[in-house]
Amino acid sequence: MINVLIDRIQKLEAPIVVGLDPMWDFVPGFLQERALKEYGETLEAAAEAVWQYNKGIVDAICDIVPAVKPQIAMYEQFGVPGLQTFQRTVDYCKEKGLVVIGDVKRSDIGSSSAAYAAGHIGTVQVGGKKLSAFGEDFITVNPYLGIDGIQPFIDVCKEEKKGLFILVKTSNPSSGEFQDRKIDGKPLYELVGEHVAEWAKQCMGDSYSYVGAVVGATYPEMGEVLRKIMPKSYILVPGYGAQGGTAKDLVPYFNEDGLGAIVNSSRGIIAAYKQPAYGKYGDSGYAEAARAAALAMKEDIKSCIGE
């Protein structure tokens, strides 16, 4: 899938992934009211409202961005109905030709990691059939448990030609409590980056590995170091926009070929209609506002990466 992702990025000239992270408060009132009228004050109502919200956004952006990144926690909060909406969202995005990065941050001991890998990017054996469950193209993975927790995911990547983005330096303010700690004179995130670079060699695409990394836009100096440590790993970059990362901060994450990174924006796009800059669209035009915000992000990044 890394080759497919790169191809879409190049064709659309948009190294952008839209985070489909729907909080209830992001869903326009008219969609909330419609779902509540049909299902009452239930989890099913929340899941239906989120589904309609997602569908509108996907329809509006599918021809201008290469990928989406649904964060599973935003669906799990609504229980089983929420997970059903997660599945519907994944399936619909793939029907629309989008690459789907499941932001699931999974990892555990070997057998549990194998099950997570099978459920999200692989298949499970049921009788005589191999069946796909959630079916994302990429997922995010936590490396804290070491190779025991990572290898099962890599094995599935090799078999299914799917991909991983491994957490290396996250965008949240407290990430340094562990990730910046020095070990043998190096910060932990550099050591993790070195491991990612080695793991990446196990499953290469045409020019980049199926094993990528997550490095936040809020730490560009660290991003520059990690770009050099992991030359063949694609970097998923959260933290642009709402978390404070700017387009200029993104320059070090890209290689000289203009590739190597894909930048995430979630609420800055999916809740754009709530921002003064896109207020003219109103609740009913939330999807059009999302499209306008995605186009603005594309131009913002292009203006800096092209320098």
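Preceding this paragraph is the structure being described.
Overview of the structure.

Cut-off values and rules
- Residues numbered from 1 in each chain as written.
- Predicted model: local features only at pLDDT ≥ 70, side-chain atom pairs only at ≥ 80, totals over all residues.
- Heavy atoms only, no water.
- Buried < 20%, exposed > 50% of the residue type's maximum accessible area, 1.4 Å probe, protein only.
- Helix = DSSP H or I, 4+ residues; strand = E, 2+ residues; numbered from the N terminus.
- Pairing = 2+ DSSP bridges.
- Lys, Arg positive; Asp, Glu negative; His and termini not counted.
- Salt bridge = Lys/Arg side-chain N within 4 Å of Asp/Glu carboxyl O.
- Polar contact = N/O pair within 3.5 Å; in protein donor to acceptor, adjacent residues only side chain to side chain.
- Phe/Tyr/Trp six-rings, centres within 6.5 Å; stacked < 30°, edge-to-face > 60°.
- Contact = heavy atoms within 4.5 Å.
- Patch = residues over 30% accessible without salt bridge, like charges linked within 9 Å, V, L, I, M, F, W, Y side chains within 5 Å.
- Areas by Shrake-Rupley, 256 points an atom, 1.4 Å probe, with all protein chains shown as cover.

1. Examining the pairing of strand E3 (residues 99-106)
At step 1: Among the eight residues in E3, seven count as buried, and that is most of the element.
At step 2: Where strand E2 (residues 67-68) and E3 come together, two bridges link them in parallel fashion. In the strand pairing of E3, Ala67 is matched with Val99.
At step 3: The pairing of E3 with strand E6 (residues 138-141) spans three bridges and is parallel. The partner of Gly102 across the bridge, within E6, is Ile139.

2. Comments concerning the side chain of Glu136
At step 1: With respect to the secondary-structure elements, Glu136 resides in the loop between strand E5 (129-131) and E6.
At step 2: Although Glu136 is buried, it makes no salt bridge; Lys162 carries the closest opposite charge, 7.0 Å away.
At step 3: Within the structure, Glu136 has its side chain in polar contact with the side chain of His120 (distance 2.8 Å).

3. Side note on the packing of aromatic side chains
At step 1: Inspection of every chain in the model, using the stated rule, returns nine aromatic pairs.
At step 2: Taken together, a centroid distance of 5.5 Å and an interplanar angle of 80° make the contact between Phe86 and Phe134 edge-to-face. In this pair, Phe86 is assigned in helix H5 (residues 79-95) and Phe134 in the loop between E5 and E6, connecting sequence segments 48 residues apart.
At step 3: An aromatic cluster of at least three residues, connected via ring pairs, comprises Phe30, Tyr53, Tyr273 and Tyr286.

4. Some remarks on the environment of Asp300
At step 1: If you trace the backbone, Asp300 turns up in helix H12 (residues 286-305).
At step 2: Classification of Asp300 by relative accessible area gives partly exposed; the value is 29%.
At step 3: Sequence-wise, Asp300 and Ile229 are 71 residues apart; in three dimensions their C-alpha atoms are separated by 27 Å.
At step 4: The contact partners of Asp300, leaving out residues within four places of it in the chain, are Tyr240 and Ala247.

5. Let's talk about a nonpolar patch on the surface
At step 1: A contiguous nonpolar patch, built from Ile109, Tyr144 and Leu145 and spanning about 360 Å² of accessible area, is present on the exposed surface.
At step 2: As for its position among the elements, Ile109 is in the loop between E3 and helix H6 (110-120).

All quantities given are derived from atomic positions and should not be read as evidence of function.
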